[in-house]
Amino acid sequence: MKQSIQLRLSQHLTMTPQLQQAIKLLQLSTLELQQEIQEALETNLMLEEGDEADRFEAVDAADIRLLQPDQDQAPSTQSERDLQLDREVSGAATEIPDELPVDTQWEDVYDSYLPSTAHGADSGSDFDPLTQQSRPQSLSDHLIWQLNLSRLSERDFMIAQTVVDAIDADGYLRADLQELIATIDNADIGIEDVETQVHRVQSLDPSGVGARDLRECLLIQLRQLAVGTPFRDPAIAICAEGFEHLPRNDINTLMRLLKHSEQDIIGALELIRSLNPRPGGLIEDTRPEYVTPDIVVRKQEGRWRVELNAESTPKLRVNAEYARLIRRSDQSADSVTLKSHLQEARWFIKSLASRNDTVLRVGSKIVEMQQAFFEHGDEGMRPMVLRDIAEALELHESTVSRVTTQKYMHTPRGTFEFKYFFSSHVNTASGGECSSTAIRALIRKLIAGESAQKPLSDSKIAQNLGDQGINVARRTVAKYREAMNIPPSNERKRLA
């Protein structure tokens, strides 16, 4: 093939570093954004936290048009921000006192490694600071601790430890005996040895741990109850001989099968319901995951107001002292570093302000379009998709998707993710639309008001919704019911 030189014209989209940074900040959650801001403050000497008074003000959801982008006003707004940054850079020098007041303590941010004086620890004691740092206790740690208290031989302890390692977080033994033997890889250990240690583990706390299925888990808990516990014997008989009738609450069949009275069967069923089907959850110590809302919604003087959460987005500004050094600097390496940090600080501040503005605009528009939900609850939720918000705010749909991911708003009805307010729709008999969230709320309301002796079937629920003008198929009702973890009508039936 002959080589040749050719000239071609083409166009392609190039993302500037500023745009990449703005997109990155936009899709971060509040906790991730706080970490990003803290990292920027630690790595960029030009950045510092500003005054608490300089925050985003509350926005009326009904006046969201004030936040719409205006072609005539955008340049002036941008110039005002640039002028503000220039004033901060070239601001007058301020005297820094010898001691600055602080409003946080070291223990508020970092874990304390020092013992509390209330415990009477002194400098001469054998104090190990690492012992003060605890980690969440797992179910395996709890079971191994109990095995260490038992007088087991080295061989039995190895088998029991293998059994414990095969128990999941819910407390169930998910491996069969042959798999456990293969894991131990010892020719002298048989099935009887493993079965013995399985029963030993099942006798440990919490009650029901080490079971291989739900039936065995319930039986272990029932057999560990005191002998005189009311309805203990019929409950054991139900789990041992009539477990397949338990999910359906078939009291008549259980009475004929077990030869017990109706009162005994009902009392035994109540006792079984009081047991824990996931015993491992009692021990598994998981640290809570906190959600920090991005915006706060409250009703003032009959109107819904939306404002950014001041605690989630600290105000940043350029350090005027360091910025003033740039005007007197030369072309040395230190001066180039200061200028680079100044430029990065300005980009970061503008990207953060753009993120806050976009989150506030999207949150305010959501509140405006879903005011029926804030007034009446889930039943007032209207169908809405990302395109509706994107068209109303003249944003790209991908931008709205980034804003609504891992962003939360605190409302009088609770804390919700932005995506909670977006749902599909079902056509009504009057030609309107009803959101799937509202339909779930109506189904939950119908089931809550049904008769315990004659619960509503999926077909009956669909018929009741049709009487209200909502055309929903029986399969759709079943899908929504299963999504809300509501059992079918035969399992909800109760006898008086």
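Since the model is a prediction, treat every value here as computed from it, not as a measurement.

A few words on the pattern of salt bridges. Within this structure, the stated rule accounts for 15 salt bridges. Measuring nitrogen to oxygen at the nearest pair gives 2.8 Å for the salt bridge that ties arginine 174 to aspartate 168. According to the relative accessible area criterion, arginine 174 is exposed, its value standing at 53%. Measuring nitrogen to oxygen at the nearest pair gives 2.9 Å for the salt bridge that ties glutamate 375 to lysine 299. Note that glutamate 375 is positioned in helix H15 (residues 371-376) and lysine 299 in strand S3 (residues 295-300), a separation of 76 residues in sequence. Since its relative accessible area comes to 35%, glutamate 375 is described here as partly exposed. Residues participating in the shared-partner salt-bridge network are Glu195, Arg212 and Glu216.

A few words on the pairing of strand S6 (residues 408-411). Only one face of S6 is buried, namely the one carrying Met409 and Thr411, since none of Tyr408 and His410 on the opposite face is buried. Where S6 and strand S7 (residues 414-417) come together, 4 bridges link them in antiparallel fashion. Counted as the bridge partner of threonine 411 is glycine 414 from S7. Taken together, S6 and the strand that follows it, S7, pair antiparallel across an intervening segment of 2 residues.

Time to look at the nonpolar core. Residues Ile366, Ile389, Met409 and Phe421 are the most contacted members of the largest nonpolar core, which totals 27 residues. Contributions of two or more residues to this core are made by S3, strand S4 (303-308), helix H14 (333-369), H15, helix H16 (386-393) and helix H17 (397-404). It is H14 that provides the largest number of residues to this core, a total of 6 residues. Those residues within four positions of methionine 409 in sequence are excluded, and the remaining contacts are Pro293, Ile295, Val297, Gly363, Ile366, Val367, Phe374, Gly414, Thr415, Phe416, Phe418 and Phe421. In terms of nonpolar packing, the next biggest core, distinct from the first, is built from 24 residues, Leu143, Val194, Leu204 and Val209 among them.

Further remarks concern helix H11 (residues 251-258). Buried within H11 we find Ile251, Thr253, Leu254 and Leu258. Down the axis of H11, the buried set is contained in an arc of 160 degrees. They therefore lie on one face. Turning to H11, the residues buried within the fold contact helix H10 (232-241) and helix H12 (262-273). At the C-terminal side of H11, lysine 259 shows a positive phi close to 60 degrees.

This brings us to H16. Leu386, Ile389, Ala390 and Leu393 are the residues of H16 that are buried. Down the axis, H16 shows its buried residues gathered within 100 degrees of arc, on one side only. Tucked inside the fold, the buried residues of H16 contact H14 and H17.

Cut-off values and rules
Residues numbered from 1 in each chain as written. Predicted model: local features only at pLDDT ≥ 70, side-chain atom pairs only at ≥ 80, totals over all residues. Heavy atoms only, no water. Salt bridge = Lys/Arg side-chain N within 4 Å of Asp/Glu carboxyl O. Buried < 20%, exposed > 50% of the residue type's maximum accessible area, 1.4 Å probe, protein only. Helix = DSSP H or I, 4+ residues; strand = E, 2+ residues; numbered from the N terminus. Pairing = 2+ DSSP bridges. Core = buried A, V, L, I, M, F, W, Y, C linked by side-chain atoms within 4.5 Å. Contact = heavy atoms within 4.5 Å. Arc of directions from axis to C-beta.

Fair warning: the whole summary comes from geometry, so function is off the table for now.
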